[in-house]
Amino acid sequence: MWKDWTEIAPPVRVFDESKPYQYYKKDKLQAYIPDVYEEEKKLVLEKLAVLQTKYESDNITFDDALKKYTVIGNADQQNSEYGKLKPNQYRVVPNIAHFIWFSCHEFTFVNLLSLLSVFEIMKADMILFHTDCEPKGEWWDIAKTRITNLQVVGRKPPIDVFGVGLTPRWPQHKSDVARLHILSEMGGVYLDPDIIILAPLEPLRYYDCVLARHDNSSVTNGIMVAKKGLLFLDVVYDSYRSYDPSCYSCSSSQKLNQLVKEYSHLVHIEPNSLVQPGRPQWKQIFDGHFDWQRHYSIHAWIKMYTDSLHSNPHLVPSFNADNIKQLNTTFGEIARFVYYGSPDYVTK
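The text that follows walks through the structure, step by step, so that each part is easy to find. Since the structure is predicted, the reported quantities are computational estimates derived from the model, not experimental observations. (Residues numbered from 1 in each chain as written. Predicted model: local features only at pLDDT ≥ 70, side-chain atom pairs only at ≥ 80, totals over all residues. Heavy atoms only, no water.)

Concerning the nonpolar core
Just so we agree on the cut-off: Joining through side-chain atoms within 4.5 Å is the link that ties buried Ala, Val, Leu, Ile, Met, Phe, Trp, Tyr and Cys residues into a set, and such a set is a nonpolar core. Buried means the residue's accessible area, taken with a 1.4 Å probe over protein chains only, is under 20% of the maximum for its type, while exposed means over 50%, and partly exposed covers the values in between. A run of H or I in DSSP becomes a helix once it reaches four residues, and a run of E becomes a strand once it reaches two; helices and strands are each numbered from the N terminus.
Residues Phe331 and Tyr339 are the most contacted members of the largest nonpolar core, which totals 65 residues. Here this core takes 10 residues from helix α4 (residues 109-122), the largest share from any one element. In terms of nonpolar packing, the next biggest core, distinct from the first, is built from 32 residues, Ile100, Phe162, Cys209 and Leu233 among them.

Structure below.
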């Protein structure tokens, strides 16, 4: 049985909270990691070190990756008014995935698809599931059986930021803060548990940091690609000095967008290949057809879907391995692609 890492060591203090905001305009990142770790965490970090050595020795260049994944996304383009970061010659982001699951709640079929897609399609070397309440149920049992490199990691949610309590009204705020700590400490890919991977993310791993645009004017922290000890993560965390518990999106969205523009040299923006269709077009996923073949990933917008069921009685109330077999929608295609290995109808 896993133990909470924070029971062995104090919460990871990745960021220097004593520094003024202007400090982070410098090029050096201040990282503070406790000296004592629980044995399980040591093993994870040792595996990560071995993987990093492998990444550095395989000599696969950014141009090599683009040639292999030329039909995917915009990793070789910068069609954005902000996000001016250039790729490194070799990969700098480890091929590990992070999910955060705070509090006890239902693990759904959509959540299973998210984890399966990281294992089967992204082919992550490690999948770390950070939680204070391990899920139960049919779909979680399948996840643990099919995903051989899934590792449950005990982690308590943060309770405050710069002395201001993280409001229970918006539990997502705790995850917003935790993902910054996790990525700064280990690097990798953070995903919300309704992000479904559709193609390997290899070209994106050459950038220090990648964020996704989910509409014409804003980026999202629902999927984040970042190398370990990244300066931009320090910048984002420091912006929480003005955290407002009464505002749902002020720090995670509004402030993030401001920082992306101000620090455009530190981040690459994928304009349309990670979370599209965006919020205004979410129905294209569940009640129509959307061309997802040139996308790295898609945001399932499952909360918006479930909230709409009362006014759309023709929609499937919940998804499972059986009712997706011949579901004639974008979601049906994607679900079959991940769960059965092909977007084609399943007749058996």
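Following the structure, the description resumes.
Re the side chain of Asn257
By the secondary structure assignment, Asn257 is in helix α8 (residues 250-262). Its relative accessible area of 8% is what places Asn257 among the buried residues.

A few points about unusual backbone geometry
With an omega of 0°, the peptide bond running from Gln276 to Pro277 counts as cis. The backbone phi angle of Ser103 is positive, close to 75°, even though this residue is not glycine. Relative to the assigned elements, Ser103 resides in the loop between β1 (96-101) and α4. Even without glycine at this site, Phe162 takes up a positive phi of about 50°.

Here we look at the state of the cysteines
Here a disulfide denotes a covalent bond joining the sulfur atom of one cysteine to the sulfur atom of another. As a reminder of what qualifies: In this description, the term disulfide denotes a pair of cysteine sulfurs within 2.5 Å.
In total, this model carries 2 disulfides according to the counting rule given. One disulfide bridge connects Cys104 with Cys133, the sulfur atoms lying 1.8 Å from each other. Handedness here is read from the sign of the S-S torsion; for Cys104 and Cys133, about 105°, the answer is right-handed. Taken together, the positions of Cys104 in the loop between β1 and α4 and Cys133 in the loop between β2 (126-131) and α5 (138-146) put the pair 29 residues apart, joining distant regions of the chain. On the accessibility criterion, Cys104 (61% relative accessible area) is exposed. Since its relative accessible area comes to 14%, Cys133 is described here as buried. Each sulfur in the disulfide pair Cys247 and Cys250 lies 1.9 Å from the other. Handedness here is read from the sign of the S-S torsion; for Cys247 and Cys250, about 85°, the answer is right-handed. Ordering the disulfide-forming cysteines of the protein chain by sequence position, one finds them joined as 1-2, 3-4.

Quick look at the pairing of strand β3 (residues 150-154)
Remember that side chains alternate between the two faces of the sheet whenever the strand is regular. To be explicit about the condition: At least two DSSP bridges between two strands are required for those strands to pair. A clockwise path from the first strand over the helix to the second, with the strands pointing away from the viewer, defines a right-handed crossover.
Counting buried positions over the 5 residues of β3 gives 5, a clear majority of the element. Pairing of β2 with β3, which is carried by 5 bridges, proceeds in the parallel orientation. Paired with Leu128 across the strands is Gln151, a residue of β3. Read from β2 through α5 to β3, the crossover connection turns out right-handed.

A closer look at the pattern of salt bridges
Heads up, the rule is: Here a salt bridge means any side-chain nitrogen of Lys or Arg lying within 4 Å of a carboxyl oxygen belonging to Asp or Glu.
Applying the stated criterion to the full structure yields 10 salt bridges. Between Glu202 and Arg91 there is a salt bridge whose closest N-O contact spans 2.6 Å. With a gap of 111 residues between them, Glu202 in the loop between β7 (195-197) and β8 (209-213) and Arg91 in the loop between α3 (62-68) and β1 connect regions that are remote in the sequence. According to the relative accessible area criterion, Glu202 is buried, its value standing at 12%. The shortest N-O distance in the salt bridge between Asp307 and Lys303 comes to 2.9 Å. In this pair, Asp307 and Lys303 are both assigned in helix α10 (residues 302-307), 4 residues apart and thus about one turn of the helix distant. Asp307 gets classed as partly exposed once you look at its relative accessible area, which sits at 43%.

Considering the side chain of Ser114
Here is the rule we go by: Only heavy atoms enter the contact rule, under which two residues are in contact if any of them lie within 4.5 Å.
By the element assignment, Ser114 lies in helix α4. Not counting residues within four places of it along the chain, the set of residues in contact with Ser114 comprises Phe99, Asp192, Pro193, Asp194, Ile195 and Ile196.

Thoughts on the sheet that holds β3
For clarity, the cut-off: Axes here refer to lines fitted to C-alpha atoms; in helices the fit is confined to the stretch in contact. Angles between the N-to-C directions go from 0 to 180 degrees.
The strand order across the open sheet built from 7 strands is β3-β2-β1-β6-β9-β8-β10, with neighbouring strands paired in mixed fashion. Of all the strands in the sheet, the pair left with one neighbour each is β3 and β10 (268-270). On average, each strand axis in the sheet is tilted by 25° relative to the strand beside it, whichever way the strands run. With 6 bridges connecting them, β1 and β2 associate as parallel partners. Within β2, the position partnered with Ile100 by the bridge is His130.

Overview of α5
Spelled out, the test is: Arc, as used here, means the arc of the directions from the helix axis to the C-beta atoms.
Residues of α5 that are buried: Trp139, Trp140, Ile142 and Ala143. Buried residues in α5, looked at end-on, bunch into an arc of 160°, giving them a common side. Turned more than 90 degrees away from the buried face of α5 sit Glu138 and Thr145, all of them exposed. In this structure, the buried side of α5 is in contact with α4, β2, β3 and α11 (330-339).

Coordinates in, geometry out; function isn't part of it.
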